[in-house]
Amino acid sequence: MRRGVLASARLLQEGLQQGGSRYKAAMVTLTYRPGVEWSPRHVSSYLKAVREWARRGGKGRKPFRLRYVWVLELTKAGRPHYHVLFWLPRGVTMPKADRRGWWPHGFTKSEWA
């Protein structure tokens with residue numbers, strides 16, 4: 001699975017570079033808080049909210065096509081969490097998912113990749 005995600009990420013990045021797109025990569029980690037049970041719909045719901053944010057534009061920002069890859073991993077304790085890598089146009093900053101209510105199942109960490 002890891003190889004598949006890495007290969008997908010490389011292909012997306014190469015396509016953006018060949019197309020002359022100026023972008024930066026942001027990585028978001030989605031972690032469950034204790035007591036919240038995992039569901040595959042959680043990540044689907046989160047990604048739908050982020051795609052809608054990109055599609056709408058707003059605050060002087062043009063809409064854009066969102067490109068991303070994600071992977072589900074287990075912690076040492078066996079708890080699931082997600083890593084999502086987004087390619088954002090230069091000048092666009094990823095909103096905080098916790099503040100937007102996009103990930104109500106725990107907490108998130110965002111960083112530039």
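Look a little higher up for the structure.
This structure is a prediction, so every number in the text was calculated from the model and none was measured.

What counts and what doesn't
- Residues numbered from 1 in each chain as written.
- Predicted model: local features only at pLDDT ≥ 70, side-chain atom pairs only at ≥ 80, totals over all residues.
- Heavy atoms only, no water.
- Salt bridge = Lys/Arg side-chain N within 4 Å of Asp/Glu carboxyl O.
- Helix = DSSP H or I, 4+ residues; strand = E, 2+ residues; numbered from the N terminus.
- Buried < 20%, exposed > 50% of the residue type's maximum accessible area, 1.4 Å probe, protein only.
- Pairing = 2+ DSSP bridges.
- Axes fitted to C-alpha atoms, helices over the stretch in contact; angles between N-to-C directions.
- Contact = heavy atoms within 4.5 Å.
- Core = buried A, V, L, I, M, F, W, Y, C linked by side-chain atoms within 4.5 Å.
- Phe/Tyr/Trp six-rings, centres within 6.5 Å; stacked < 30°, edge-to-face > 60°.

Focus on the pattern of salt bridges
Throughout the structure, instances matching the rule amount to 2 salt bridges. Salt-bridge contacts for glutamate 52 lead to arginine 55; the nearest nitrogen and oxygen are separated by 2.5 Å. Highlighted residues: glutamate 52 and arginine 55, both in helix α2 (residues 40-56), separated by 3 residues, approximately one helical turn. The partly exposed category is assigned to glutamate 52, whose relative accessible area is 29%. Given a relative accessible area of 53%, arginine 55 falls into the exposed group. Residue arginine 56 pairs with glutamate 52 through a salt bridge whose shortest N-O separation is 3.9 Å. Residue arginine 56 and its partner glutamate 52 are located together in helix α2, separated by 4 residues, close to a single helical turn. Take arginine 56: its relative accessible area is 47%, and that puts it in the partly exposed class.

A word on the sheet that holds strand β4 (residues 106-112)
Reading across from one edge, β2-β3-β1-β4 is the order of the 4 strands in this open sheet, with antiparallel pairing throughout. Looking at strand neighbours, the two that pair on one side only are β2 (67-74) and β4, the edges of this open sheet. The sheet shows a mean angle of 20° between the axes of neighbouring strands, taken without regard to direction. Summarising the sheet, β2 and strand β3 (residues 80-89) pair through 8 bridges and their orientation is antiparallel. In the strand pairing of β3, tryptophan 70 is matched with valine 84. Taken strand by strand, α2 contacts β1 (23-32), β2 and β3, and its axis lies near 15° from that of β3.

Some points on the environment of serine 45
Secondary-structure assignment places serine 45 in helix α2. When the C-alpha positions of serine 45 and tryptophan 103 are compared, they lie 8.4 Å apart, and in sequence the two are 58 residues distant.

Side note on the nonpolar core
Judged by nonpolar contacts, the single largest core of 23 residues is most densely connected at Leu30, Tyr46, Val50, Trp53, Phe86, Leu88 and Met94. The element best represented in this core is α2, accounting for 7 residues. In this view, tyrosine 46 contacts Val28, Leu30, Val84, Phe86, Met94, Ala97, Trp102 and Trp103; residues no more than four positions away in its chain are not counted.

Observations regarding the packing of aromatic side chains
Within a pair of aromatic rings, the relevant descriptors are the distance that separates the centres and the angle that separates the planes. Evaluation of the coordinates by the stated rule reveals 9 aromatic pairs. Here tyrosine 82 and tryptophan 103 contribute two aromatic rings whose centre-to-centre distance is 6.1 Å and whose plane-to-plane angle is 80°, an arrangement assigned as edge-to-face. In this pair, tyrosine 82 sits in strand β3 while tryptophan 103 sits in the loop between α3 (97-100) and β4, placing the two residues 21 residues apart along the sequence. Both residues of the pair, tyrosine 82 and tryptophan 103, belong to the buried class. Each residue in the set Tyr32, Tyr46, Trp53, Phe64, Tyr68, Trp70, Tyr82, Phe86, Trp102 and Trp103 is aromatic and connected to the rest through ring pairs, giving one cluster.

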